[in-house]
Amino acid sequence: MEWLFDPTIWAGLLTLVVLEIVLGIDNLIFIAILADKLPPHQRDKARLIGLTLAMAMRLGLLTIVSWLVTLTTPLFSVGPLSFSGRDLILLVGGIFLLFKATVELHERLEGVTHVVSQSKVYAGFAAVVAQIVVLDAVFSLDAVITAVGMVDELGVMMAAVIISIGIMILASKPLTRFVNAHPTVVVLCLSFLLMIGLGLVAEGLGFHIPKGYLYAAIGFSILIETLNQFARRNFLKNEARVPLRDRTAESVLRLMGGRKRAEATDVPEDEQEQQQDAFAVEERNMVSGVLTLADRSIRSIMTPRSDMSWVDLDAAPEDTLRQLQETPHGLLPVCRGQLDNIVGIARTKDLMGSLAMQGWIDDKAGHTIRAPIVLPDTAGVLKAIETLKRAHGQLVLVTDEFGVVQGLLTPVDILEAIAGEFPDEDEQPAIRPQADGTWEVDGSADLHLLEQVLETDSLVSDDADYTSLAGLLLARFETMPEVGQALELDGLRYEVLAIEERRIARVAVRRLDPEALDGMAQAAAEPNT
(Lines give C-alpha, C1' and ligand atoms only; values in the text may rest on other atoms or scores of the structure.)
Protein backbone atom coordinates (compact mmCIF):
# COMPACT_ATOMS: atom_id res chain seq x y z
CA MET A 1 0.00 0.00 0.00
CA GLU A 2 3.02 2.31 -0.22
CA TRP A 3 1.74 3.73 -3.52
CA LEU A 4 -1.13 5.38 -1.64
CA PHE A 5 1.35 7.81 -0.11
CA ASP A 6 3.11 8.64 -3.37
CA PRO A 7 2.10 12.24 -4.38
CA THR A 8 2.89 11.57 -8.05
CA ILE A 9 0.26 8.83 -8.05
CA TRP A 10 -2.41 11.19 -6.80
CA ALA A 11 -1.29 13.96 -9.15
CA GLY A 12 -1.47 11.54 -12.08
CA LEU A 13 -4.90 10.28 -10.96
CA LEU A 14 -6.35 13.78 -10.62
CA THR A 15 -4.91 14.97 -13.93
CA LEU A 16 -6.06 11.83 -15.68
CA VAL A 17 -9.61 12.19 -14.31
CA VAL A 18 -9.81 15.75 -15.67
CA LEU A 19 -8.45 14.69 -19.07
CA GLU A 20 -10.79 11.68 -19.24
CA ILE A 21 -13.79 13.94 -18.50
CA VAL A 22 -12.84 16.48 -21.16
CA LEU A 23 -12.06 13.74 -23.69
CA GLY A 24 -15.39 12.11 -22.85
CA ILE A 25 -17.42 15.26 -23.57
CA ASP A 26 -17.47 14.51 -27.31
CA ASN A 27 -18.60 10.99 -26.54
CA LEU A 28 -21.24 12.42 -24.19
CA ILE A 29 -22.52 14.85 -26.83
CA PHE A 30 -22.82 12.20 -29.53
CA ILE A 31 -24.56 9.82 -27.13
CA ALA A 32 -27.05 12.62 -26.36
CA ILE A 33 -27.58 13.23 -30.10
CA LEU A 34 -28.22 9.55 -30.74
CA ALA A 35 -30.48 9.30 -27.68
CA ASP A 36 -32.60 12.21 -28.97
CA LYS A 37 -33.67 9.98 -31.84
CA LEU A 38 -35.52 7.83 -29.31
CA PRO A 39 -38.88 8.56 -27.70
CA PRO A 40 -38.49 10.86 -24.65
CA HIS A 41 -39.14 8.11 -22.09
CA GLN A 42 -36.23 5.99 -23.44
CA ARG A 43 -33.57 8.71 -23.72
CA ASP A 44 -32.22 8.65 -20.15
CA LYS A 45 -31.99 4.86 -20.29
CA ALA A 46 -30.03 5.06 -23.55
CA ARG A 47 -27.63 7.65 -22.11
CA LEU A 48 -26.99 5.49 -19.02
CA ILE A 49 -26.39 2.39 -21.14
CA GLY A 50 -24.13 4.36 -23.48
CA LEU A 51 -21.93 5.70 -20.70
CA THR A 52 -21.79 2.30 -18.98
CA LEU A 53 -20.68 0.69 -22.24
CA ALA A 54 -18.09 3.46 -22.65
CA MET A 55 -16.67 2.61 -19.22
CA ALA A 56 -16.59 -1.12 -19.97
CA MET A 57 -14.99 -0.46 -23.36
CA ARG A 58 -12.26 1.70 -21.85
CA LEU A 59 -11.52 -0.75 -19.04
CA GLY A 60 -11.22 -3.59 -21.55
CA LEU A 61 -9.00 -1.60 -23.87
CA LEU A 62 -6.88 -0.49 -20.91
CA THR A 63 -6.30 -4.11 -19.94
CA ILE A 64 -5.32 -5.07 -23.48
CA VAL A 65 -3.07 -2.05 -24.10
CA SER A 66 -1.45 -2.38 -20.65
CA TRP A 67 -0.59 -5.99 -21.54
CA LEU A 68 0.73 -5.01 -24.95
CA VAL A 69 3.10 -2.41 -23.50
CA THR A 70 4.77 -5.21 -21.48
CA LEU A 71 6.04 -6.77 -24.72
CA THR A 72 9.60 -5.47 -24.48
CA THR A 73 11.33 -8.12 -26.61
CA PRO A 74 12.95 -6.40 -29.63
CA LEU A 75 11.27 -7.32 -32.91
CA PHE A 76 13.50 -5.44 -35.38
CA SER A 77 16.10 -2.70 -35.54
CA VAL A 78 16.52 0.44 -37.62
CA GLY A 79 20.10 1.63 -37.32
CA PRO A 80 20.93 2.11 -33.64
CA LEU A 81 17.25 1.90 -32.62
CA SER A 82 15.55 -1.41 -31.81
CA PHE A 83 11.74 -1.65 -31.65
CA SER A 84 9.65 -3.97 -29.50
CA GLY A 85 5.90 -4.46 -29.40
CA ARG A 86 5.73 -1.91 -26.58
CA ASP A 87 7.63 0.64 -28.63
CA LEU A 88 5.32 0.17 -31.62
CA ILE A 89 2.23 0.56 -29.45
CA LEU A 90 3.63 3.75 -27.90
CA LEU A 91 4.66 5.13 -31.32
CA VAL A 92 1.29 4.44 -32.93
CA GLY A 93 -0.57 5.76 -29.88
CA GLY A 94 1.57 8.91 -29.72
CA ILE A 95 1.09 9.63 -33.41
CA PHE A 96 -2.66 9.06 -33.02
CA LEU A 97 -2.83 11.55 -30.13
CA LEU A 98 -0.76 14.12 -32.04
CA PHE A 99 -3.01 13.75 -35.09
CA LYS A 100 -6.28 13.91 -33.11
CA ALA A 101 -5.18 16.87 -30.97
CA THR A 102 -3.92 18.78 -34.02
CA VAL A 103 -7.17 18.24 -35.93
CA GLU A 104 -9.30 19.21 -32.93
CA LEU A 105 -7.21 22.32 -32.24
CA HIS A 106 -7.42 23.35 -35.89
CA GLU A 107 -11.21 23.04 -35.90
CA ARG A 108 -11.60 24.98 -32.67
CA LEU A 109 -9.21 27.75 -33.67
CA GLU A 110 -10.85 28.04 -37.09
CA GLY A 111 -14.32 28.14 -35.52
CA VAL A 112 -15.61 25.01 -37.26
CA THR A 113 -18.92 23.85 -35.81
CA HIS A 114 -20.55 20.47 -36.30
CA VAL A 115 -24.20 20.70 -37.30
CA VAL A 116 -26.19 17.53 -36.78
CA SER A 117 -29.59 17.27 -38.40
CA GLN A 118 -32.39 16.08 -36.20
CA SER A 119 -34.80 13.49 -37.51
CA LYS A 120 -38.47 13.77 -36.65
CA VAL A 121 -38.92 9.95 -36.93
CA TYR A 122 -37.95 8.01 -33.79
CA ALA A 123 -35.38 5.24 -34.24
CA GLY A 124 -35.41 1.78 -32.66
CA PHE A 125 -33.83 1.33 -29.24
CA ALA A 126 -31.58 -1.56 -30.30
CA ALA A 127 -30.30 0.35 -33.35
CA VAL A 128 -29.42 3.39 -31.26
CA VAL A 129 -27.63 1.28 -28.63
CA ALA A 130 -25.64 -0.45 -31.40
CA GLN A 131 -24.53 2.94 -32.76
CA ILE A 132 -23.53 3.98 -29.25
CA VAL A 133 -21.36 0.86 -28.89
CA VAL A 134 -19.54 1.69 -32.15
CA LEU A 135 -19.03 5.29 -31.05
CA ASP A 136 -17.74 4.13 -27.65
CA ALA A 137 -15.09 2.03 -29.38
CA VAL A 138 -13.94 4.99 -31.49
CA PHE A 139 -14.00 7.59 -28.74
CA SER A 140 -12.31 5.31 -26.19
CA LEU A 141 -9.03 5.08 -28.10
CA ASP A 142 -7.74 8.53 -27.28
CA ALA A 143 -8.75 8.22 -23.63
CA VAL A 144 -7.02 4.85 -23.28
CA ILE A 145 -3.82 5.99 -24.99
CA THR A 146 -3.80 9.14 -22.88
CA ALA A 147 -4.06 7.04 -19.71
CA VAL A 148 -1.16 4.84 -20.81
CA GLY A 149 0.93 7.91 -21.54
CA MET A 150 0.13 9.57 -18.22
CA VAL A 151 0.63 6.83 -15.61
CA ASP A 152 2.26 3.41 -15.38
CA GLU A 153 -0.07 1.63 -12.93
CA LEU A 154 -3.09 -0.16 -14.40
CA GLY A 155 -5.06 0.33 -11.18
CA VAL A 156 -4.67 4.11 -11.37
CA MET A 157 -5.81 4.08 -15.01
CA MET A 158 -8.92 2.03 -14.20
CA ALA A 159 -9.72 4.19 -11.17
CA ALA A 160 -9.50 7.34 -13.29
CA VAL A 161 -11.80 5.86 -15.94
CA ILE A 162 -14.38 4.74 -13.37
CA ILE A 163 -14.33 8.09 -11.55
CA SER A 164 -14.62 10.13 -14.77
CA ILE A 165 -17.47 8.02 -16.16
CA GLY A 166 -19.26 8.20 -12.79
CA ILE A 167 -18.97 11.99 -12.79
CA MET A 168 -20.28 12.17 -16.36
CA ILE A 169 -23.24 9.96 -15.48
CA LEU A 170 -24.15 12.11 -12.46
CA ALA A 171 -23.44 15.52 -13.99
CA SER A 172 -23.58 15.12 -17.77
CA LYS A 173 -25.61 18.27 -18.49
CA PRO A 174 -23.64 20.65 -16.17
CA LEU A 175 -20.36 19.29 -17.56
CA THR A 176 -21.48 19.86 -21.13
CA ARG A 177 -22.59 23.41 -20.31
CA PHE A 178 -19.29 24.13 -18.53
CA VAL A 179 -17.15 22.91 -21.43
CA ASN A 180 -19.25 24.81 -23.98
CA ALA A 181 -19.03 27.98 -21.86
CA HIS A 182 -15.25 27.68 -21.40
CA PRO A 183 -13.70 26.80 -24.77
CA THR A 184 -10.22 27.68 -23.52
CA VAL A 185 -10.39 24.69 -21.15
CA VAL A 186 -10.85 22.37 -24.12
CA VAL A 187 -7.95 24.01 -25.97
CA LEU A 188 -5.78 23.58 -22.88
CA CYS A 189 -6.64 19.88 -22.62
CA LEU A 190 -5.94 19.37 -26.32
CA SER A 191 -2.54 20.95 -25.79
CA PHE A 192 -2.01 18.39 -23.02
CA LEU A 193 -2.77 15.68 -25.58
CA LEU A 194 -0.08 17.11 -27.84
CA MET A 195 2.40 16.97 -24.96
CA ILE A 196 1.39 13.43 -23.98
CA GLY A 197 1.50 12.29 -27.61
CA LEU A 198 4.98 13.75 -27.98
CA GLY A 199 6.02 11.94 -24.79
CA LEU A 200 4.68 8.62 -26.14
CA VAL A 201 6.55 9.07 -29.42
CA ALA A 202 9.74 9.84 -27.49
CA GLU A 203 9.20 6.74 -25.32
CA GLY A 204 8.66 4.65 -28.43
CA LEU A 205 11.97 5.91 -29.84
CA GLY A 206 13.80 5.05 -26.64
CA PHE A 207 13.94 8.50 -25.02
CA HIS A 208 12.48 8.31 -21.52
CA ILE A 209 10.75 11.45 -20.22
CA PRO A 210 10.02 11.38 -16.46
CA LYS A 211 6.30 11.63 -15.71
CA GLY A 212 7.04 14.32 -13.12
CA TYR A 213 7.94 16.74 -15.91
CA LEU A 214 4.56 16.17 -17.53
CA TYR A 215 2.72 16.64 -14.23
CA ALA A 216 4.62 19.85 -13.48
CA ALA A 217 3.88 21.31 -16.93
CA ILE A 218 0.21 20.32 -16.74
CA GLY A 219 -0.16 21.64 -13.19
CA PHE A 220 1.44 24.98 -14.08
CA SER A 221 -0.84 25.30 -17.14
CA ILE A 222 -3.91 24.51 -15.04
CA LEU A 223 -2.87 27.19 -12.53
CA ILE A 224 -2.50 29.78 -15.28
CA GLU A 225 -5.86 28.80 -16.80
CA THR A 226 -7.51 29.05 -13.37
CA LEU A 227 -6.16 32.58 -12.95
CA ASN A 228 -7.34 33.38 -16.46
CA GLN A 229 -10.85 32.15 -15.66
CA PHE A 230 -10.93 34.27 -12.49
CA ALA A 231 -9.79 37.31 -14.47
CA ARG A 232 -12.45 36.68 -17.12
CA ARG A 233 -15.16 36.27 -14.49
CA ASN A 234 -14.17 39.56 -12.85
CA PHE A 235 -14.11 41.27 -16.25
CA LEU A 236 -17.62 40.02 -17.05
CA LYS A 237 -18.78 41.05 -13.58
CA ASN A 238 -17.46 44.59 -14.06
CA GLU A 239 -18.89 44.72 -17.58
CA ALA A 240 -22.29 43.63 -16.26
CA ARG A 241 -22.39 46.76 -14.11
CA VAL A 242 -22.74 48.80 -17.30
CA PRO A 243 -26.46 49.03 -18.19
CA LEU A 244 -27.55 46.52 -20.82
CA ARG A 245 -28.84 49.30 -23.06
CA ASP A 246 -25.46 51.05 -23.04
CA ARG A 247 -23.64 47.81 -23.84
CA THR A 248 -26.07 47.08 -26.67
CA ALA A 249 -25.64 50.58 -28.08
CA GLU A 250 -21.85 50.28 -27.95
CA SER A 251 -21.98 46.89 -29.69
CA VAL A 252 -24.24 48.20 -32.45
CA LEU A 253 -22.01 51.23 -33.03
CA ARG A 254 -18.91 49.04 -33.20
CA LEU A 255 -20.68 46.71 -35.64
CA MET A 256 -21.54 49.63 -37.89
CA GLY A 257 -17.99 50.95 -37.80
CA GLY A 258 -18.89 53.89 -35.60
CA ARG A 259 -15.70 53.76 -33.57
CA LYS A 260 -14.19 56.97 -32.35
CA ARG A 261 -10.93 58.11 -33.88
CA ALA A 262 -9.05 57.28 -30.68
CA GLU A 263 -10.26 53.68 -30.81
CA ALA A 264 -9.92 53.15 -34.55
CA THR A 265 -6.13 52.90 -34.31
CA ASP A 266 -6.48 49.45 -32.73
CA VAL A 267 -8.48 48.12 -35.69
CA PRO A 268 -6.74 46.78 -38.81
CA GLU A 269 -6.96 49.11 -41.79
CA ASP A 270 -8.76 46.55 -43.98
CA GLU A 271 -11.42 46.05 -41.28
CA GLN A 272 -11.84 49.82 -40.91
CA GLU A 273 -12.39 50.11 -44.67
CA GLN A 274 -14.98 47.32 -44.62
CA GLN A 275 -16.80 49.01 -41.74
CA GLN A 276 -16.72 52.38 -43.49
CA ASP A 277 -18.00 50.87 -46.75
CA ALA A 278 -20.79 48.91 -45.06
CA PHE A 279 -22.57 51.99 -43.67
CA ALA A 280 -22.46 55.61 -44.75
CA VAL A 281 -21.46 58.31 -42.27
CA GLU A 282 -25.03 59.63 -42.22
CA GLU A 283 -26.38 56.18 -41.38
CA ARG A 284 -23.93 55.69 -38.54
CA ASN A 285 -24.72 59.15 -37.16
CA MET A 286 -28.47 58.52 -37.28
CA VAL A 287 -28.15 55.16 -35.51
CA SER A 288 -25.89 56.80 -32.94
CA GLY A 289 -28.46 59.56 -32.46
CA VAL A 290 -31.22 57.02 -31.81
CA LEU A 291 -29.17 54.90 -29.40
CA THR A 292 -28.00 57.88 -27.34
CA LEU A 293 -31.33 59.73 -27.37
CA ALA A 294 -32.53 58.41 -24.01
CA ASP A 295 -29.34 59.61 -22.28
CA ARG A 296 -29.71 63.20 -23.43
CA SER A 297 -31.42 66.01 -21.59
CA ILE A 298 -34.03 68.33 -23.04
CA ARG A 299 -31.56 71.19 -22.76
CA SER A 300 -29.25 69.46 -25.24
CA ILE A 301 -31.85 69.32 -28.03
CA MET A 302 -34.20 72.27 -27.40
CA THR A 303 -34.06 75.65 -29.12
CA PRO A 304 -32.39 77.84 -26.47
CA ARG A 305 -34.00 80.99 -25.09
CA SER A 306 -31.59 83.26 -26.97
CA ASP A 307 -32.76 81.85 -30.34
CA MET A 308 -36.49 81.88 -29.60
CA SER A 309 -38.93 84.04 -31.55
CA TRP A 310 -42.00 85.28 -29.66
CA VAL A 311 -44.82 87.79 -29.96
CA ASP A 312 -45.20 90.66 -27.51
CA LEU A 313 -48.83 91.68 -27.00
CA ASP A 314 -47.69 95.07 -25.72
CA ALA A 315 -45.87 95.87 -28.98
CA ALA A 316 -47.42 98.07 -31.67
CA PRO A 317 -49.78 96.11 -33.98
CA GLU A 318 -47.87 97.18 -37.12
CA ASP A 319 -44.57 95.99 -35.61
CA THR A 320 -46.15 92.68 -34.65
CA LEU A 321 -47.62 92.24 -38.15
CA ARG A 322 -44.25 92.94 -39.73
CA GLN A 323 -42.61 90.40 -37.41
CA LEU A 324 -45.21 87.77 -38.28
CA GLN A 325 -44.75 88.36 -42.01
CA GLU A 326 -40.99 87.84 -41.73
CA THR A 327 -40.94 84.83 -39.43
CA PRO A 328 -40.63 81.31 -40.95
CA HIS A 329 -42.21 79.69 -37.90
CA GLY A 330 -45.77 78.40 -37.87
CA LEU A 331 -46.18 78.51 -34.07
CA LEU A 332 -44.99 81.24 -31.70
CA PRO A 333 -45.16 81.87 -27.96
CA VAL A 334 -47.34 84.85 -27.11
CA CYS A 335 -46.15 86.92 -24.14
CA ARG A 336 -46.87 90.22 -22.50
CA GLY A 337 -43.93 92.54 -21.97
CA GLN A 338 -41.30 89.83 -21.48
CA LEU A 339 -40.72 86.21 -22.46
CA ASP A 340 -41.33 84.83 -18.98
CA ASN A 341 -44.80 86.37 -18.88
CA ILE A 342 -46.31 83.68 -21.11
CA VAL A 343 -49.91 84.10 -22.27
CA GLY A 344 -50.01 81.05 -24.53
CA ILE A 345 -49.07 79.57 -27.91
CA ALA A 346 -50.64 80.68 -31.20
CA ARG A 347 -50.40 79.92 -34.90
CA THR A 348 -48.81 82.63 -36.99
CA LYS A 349 -51.69 82.64 -39.47
CA ASP A 350 -54.25 83.05 -36.66
CA LEU A 351 -52.34 86.00 -35.22
CA MET A 352 -52.08 87.64 -38.66
CA GLY A 353 -55.80 87.04 -39.24
CA SER A 354 -56.67 88.62 -35.88
CA LEU A 355 -54.53 91.67 -36.66
CA ALA A 356 -56.03 91.99 -40.17
CA MET A 357 -59.65 91.73 -38.97
CA GLN A 358 -59.51 93.44 -35.58
CA GLY A 359 -56.30 95.42 -35.66
CA TRP A 360 -55.21 93.84 -32.39
CA ILE A 361 -54.75 90.39 -30.80
CA ASP A 362 -57.35 89.21 -28.34
CA ASP A 363 -55.48 87.31 -25.64
CA LYS A 364 -58.75 85.92 -24.28
CA ALA A 365 -59.89 84.28 -27.50
CA GLY A 366 -59.43 80.56 -26.92
CA HIS A 367 -59.40 79.72 -30.62
CA THR A 368 -56.45 82.08 -31.29
CA ILE A 369 -54.18 81.55 -28.27
CA ARG A 370 -53.84 78.12 -26.67
CA ALA A 371 -52.67 77.32 -23.18
CA PRO A 372 -48.93 76.55 -23.17
CA ILE A 373 -47.54 73.06 -22.54
CA VAL A 374 -44.62 73.27 -20.12
CA LEU A 375 -41.93 70.72 -19.26
CA PRO A 376 -39.13 71.10 -16.69
CA ASP A 377 -35.61 71.05 -18.09
CA THR A 378 -34.84 68.04 -15.87
CA ALA A 379 -37.20 65.79 -17.85
CA GLY A 380 -35.72 63.21 -20.20
CA VAL A 381 -36.00 63.23 -23.97
CA LEU A 382 -38.28 60.17 -23.99
CA LYS A 383 -40.69 62.00 -21.67
CA ALA A 384 -40.57 64.99 -24.02
CA ILE A 385 -41.40 62.75 -27.00
CA GLU A 386 -44.46 61.40 -25.19
CA THR A 387 -45.52 64.97 -24.38
CA LEU A 388 -45.10 66.07 -28.02
CA LYS A 389 -47.23 63.11 -29.17
CA ARG A 390 -50.10 64.38 -27.03
CA ALA A 391 -49.54 68.02 -28.00
CA HIS A 392 -51.31 67.67 -31.39
CA GLY A 393 -48.72 69.71 -33.25
CA GLN A 394 -48.16 72.30 -30.52
CA LEU A 395 -44.68 73.24 -29.32
CA VAL A 396 -43.55 72.66 -25.73
CA LEU A 397 -41.95 75.29 -23.51
CA VAL A 398 -39.03 74.28 -21.29
CA THR A 399 -38.58 75.98 -17.91
CA ASP A 400 -36.18 75.64 -15.00
CA GLU A 401 -37.06 75.06 -11.36
CA PHE A 402 -37.87 78.78 -10.91
CA GLY A 403 -40.30 78.86 -13.84
CA VAL A 404 -37.94 80.84 -16.08
CA VAL A 405 -38.29 79.89 -19.75
CA GLN A 406 -35.09 78.19 -20.97
CA GLY A 407 -36.18 77.27 -24.49
CA LEU A 408 -38.79 75.50 -26.57
CA LEU A 409 -39.09 72.04 -28.06
CA THR A 410 -40.73 70.88 -31.30
CA PRO A 411 -40.79 67.54 -33.19
CA VAL A 412 -38.16 69.02 -35.52
CA ASP A 413 -35.77 69.30 -32.56
CA ILE A 414 -36.19 65.57 -31.90
CA LEU A 415 -35.56 64.82 -35.58
CA GLU A 416 -32.44 67.01 -35.59
CA ALA A 417 -31.08 65.10 -32.59
CA ILE A 418 -31.28 61.94 -34.72
CA ALA A 419 -30.58 63.04 -38.30
CA GLY A 420 -28.70 66.33 -37.94
CA GLU A 421 -29.64 69.96 -38.49
CA PHE A 422 -32.64 71.24 -40.44
CA PRO A 423 -32.05 75.02 -40.50
CA ASP A 424 -35.01 77.38 -40.97
CA GLU A 425 -35.01 80.10 -43.62
CA ASP A 426 -33.58 82.63 -41.16
CA GLU A 427 -30.92 80.25 -39.85
CA GLN A 428 -27.67 78.76 -41.04
CA PRO A 429 -26.15 75.41 -39.94
CA ALA A 430 -24.47 75.59 -36.57
CA ILE A 431 -21.51 73.57 -37.90
CA ARG A 432 -20.12 74.83 -41.22
CA PRO A 433 -17.23 72.95 -42.87
CA GLN A 434 -14.55 75.21 -44.30
CA ALA A 435 -11.29 73.85 -45.73
CA ASP A 436 -10.15 70.29 -45.20
CA GLY A 437 -10.00 69.61 -41.46
CA THR A 438 -11.46 72.98 -40.38
CA TRP A 439 -14.94 74.08 -39.31
CA GLU A 440 -16.68 77.26 -38.21
CA VAL A 441 -19.05 76.43 -35.37
CA ASP A 442 -21.64 78.48 -33.52
CA GLY A 443 -21.18 78.64 -29.78
CA SER A 444 -24.68 77.21 -29.36
CA ALA A 445 -23.82 74.07 -31.37
CA ASP A 446 -24.96 70.82 -29.75
CA LEU A 447 -22.01 68.81 -28.41
CA HIS A 448 -23.48 65.45 -29.43
CA LEU A 449 -23.79 66.56 -33.06
CA LEU A 450 -20.35 68.16 -32.92
CA GLU A 451 -18.83 64.90 -31.65
CA GLN A 452 -20.27 63.06 -34.64
CA VAL A 453 -18.94 65.61 -37.14
CA LEU A 454 -15.48 65.83 -35.56
CA GLU A 455 -15.29 62.07 -34.86
CA THR A 456 -14.21 62.52 -31.27
CA ASP A 457 -15.49 61.46 -27.87
CA SER A 458 -13.93 64.16 -25.70
CA LEU A 459 -16.76 66.71 -25.71
CA VAL A 460 -19.77 65.13 -23.97
CA SER A 461 -19.46 64.39 -20.27
CA ASP A 462 -22.12 62.68 -18.17
CA ASP A 463 -21.49 64.89 -15.13
CA ALA A 464 -21.31 68.20 -17.05
CA ASP A 465 -24.10 70.77 -16.75
CA TYR A 466 -23.51 72.25 -20.23
CA THR A 467 -24.73 71.01 -23.61
CA SER A 468 -23.22 73.46 -26.10
CA LEU A 469 -19.73 74.23 -27.37
CA ALA A 470 -19.83 77.61 -25.63
CA GLY A 471 -20.59 75.89 -22.33
CA LEU A 472 -17.66 73.51 -22.82
CA LEU A 473 -15.23 76.36 -23.53
CA LEU A 474 -16.47 78.40 -20.57
CA ALA A 475 -16.02 75.39 -18.30
CA ARG A 476 -12.48 74.87 -19.63
CA PHE A 477 -11.40 78.53 -19.51
CA GLU A 478 -13.26 79.15 -16.22
CA THR A 479 -13.83 82.73 -17.40
CA MET A 480 -15.16 84.57 -20.43
CA PRO A 481 -12.41 84.12 -23.05
CA GLU A 482 -11.16 86.81 -25.38
CA VAL A 483 -11.31 86.70 -29.17
CA GLY A 484 -8.35 84.66 -30.43
CA GLN A 485 -8.02 82.61 -27.26
CA ALA A 486 -7.71 78.92 -28.08
CA LEU A 487 -8.03 75.50 -26.48
CA GLU A 488 -6.51 72.21 -27.69
CA LEU A 489 -8.40 69.02 -26.88
CA ASP A 490 -8.08 65.50 -28.30
CA GLY A 491 -6.15 66.58 -31.38
CA LEU A 492 -8.47 69.51 -32.14
CA ARG A 493 -7.90 73.25 -31.70
CA TYR A 494 -10.85 75.46 -30.70
CA GLU A 495 -10.26 79.18 -31.28
CA VAL A 496 -12.79 81.84 -30.27
CA LEU A 497 -13.73 83.99 -33.29
CA ALA A 498 -16.50 86.24 -31.96
CA ILE A 499 -18.17 87.17 -28.67
CA GLU A 500 -21.61 88.79 -28.77
CA GLU A 501 -23.74 89.93 -25.83
CA ARG A 502 -21.49 88.27 -23.25
CA ARG A 503 -21.60 84.88 -24.95
CA ILE A 504 -19.33 82.96 -27.31
CA ALA A 505 -20.89 83.37 -30.75
CA ARG A 506 -18.49 81.67 -33.19
CA VAL A 507 -15.57 79.25 -32.84
CA ALA A 508 -13.01 78.02 -35.37
CA VAL A 509 -12.20 74.31 -35.06
CA ARG A 510 -9.13 72.83 -36.73
CA ARG A 511 -7.75 69.30 -36.65
CA LEU A 512 -4.11 69.35 -35.63
CA ASP A 513 -1.41 67.64 -37.68
CA PRO A 514 -0.40 64.30 -36.07
CA GLU A 515 3.29 65.17 -36.48
CA ALA A 516 2.74 68.46 -34.69
CA LEU A 517 0.97 66.62 -31.89
CA ASP A 518 3.93 64.24 -31.49
CA GLY A 519 6.33 67.19 -31.40
CA MET A 520 4.26 68.94 -28.72
CA ALA A 521 4.09 65.75 -26.66
CA GLN A 522 7.85 65.28 -26.84
CA ALA A 523 8.43 68.92 -25.89
CA ALA A 524 6.13 68.54 -22.90
CA ALA A 525 7.92 65.37 -21.82
CA GLU A 526 11.39 66.97 -21.89
CA PRO A 527 12.54 68.39 -18.53
CA ASN A 528 12.86 72.14 -18.22
CA THR A 529 16.42 73.44 -18.61
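From a predicted model like this one, the values you see are computed outputs, not experimental measurements. (Residues numbered from 1 in each chain as written. Predicted model: local features only at pLDDT ≥ 70, side-chain atom pairs only at ≥ 80, totals over all residues. Heavy atoms only, no water.)

On to the packing of helix α3 (residues 85–110) against helix α7 (residues 183–204), then. Running from amino to carboxyl end, α3 crosses α7 at an angle of 155°, the nearest separation of the two axes being 7 Å. Here α7 runs roughly antiparallel to α3, going by the angle between their axes. Here α3 and α7 pass one another in a crossing that is left-handed. Of the residues belonging to the contact of α3 with α7, the class tally is 16 nonpolar, 5 polar and 5 charged. (Axes fitted to C-alpha atoms, helices over the stretch in contact; angles between N-to-C directions. Helix = DSSP H or I, 4+ residues; strand = E, 2+ residues; numbered from the N terminus. Parallel < 35°, antiparallel > 145°, perpendicular 65-115°, else oblique. Left-handed = near helix turned anticlockwise from the far one by under 90°. Nonpolar A, V, L, I, M, F, W, Y, C, P; charged D, E, K, R; others polar.)

In this section: the sheet that holds strand β7 (residues 369–370). If you walk across this open sheet you meet the 4 strands as β4-β5-β6-β7, and the pairing is mixed. Looking at strand neighbours, the two that pair on one side only are β4 (311–312) and β7, the edges of this open sheet. Across 6 bridges, the pairing between strand β5 (residues 331–336) and strand β6 (residues 338–347) is antiparallel. Bridge assignment links L331 to a residue of β6, and that residue is R347. Together, β4, β5 and β6 form the strand contacts of helix α15 (residues 348–358), whose direction differs from that of β6 by roughly 90°. (Pairing = 2+ DSSP bridges. Contact = heavy atoms within 4.5 Å.)

Let's shift gears to the pattern of salt bridges. For side chains of opposite charge, pairing can occur when their charged atoms come near one another. A complete count under the given rule lists 9 salt bridges for this structure. For R322, the salt bridge goes to D319, with nearest N and O atoms at 3.0 Å. One end of the pair is R322 and the other is D319, both in helix α14 (residues 317–326) and 3 residues apart, which spans about a single turn. Overall, D319 belongs to the partly exposed group, its relative accessible area being 38%. Between K389 and E386 there is a salt bridge; the shortest N-O distance is 3.7 Å. With K389 and E386 both in helix α16 (residues 381–390) and 3 residues apart, the pair spans about one turn of that helix. (Salt bridge = Lys/Arg side-chain N within 4 Å of Asp/Glu carboxyl O. Buried < 20%, exposed > 50% of the residue type's maximum accessible area, 1.4 Å probe, protein only.)

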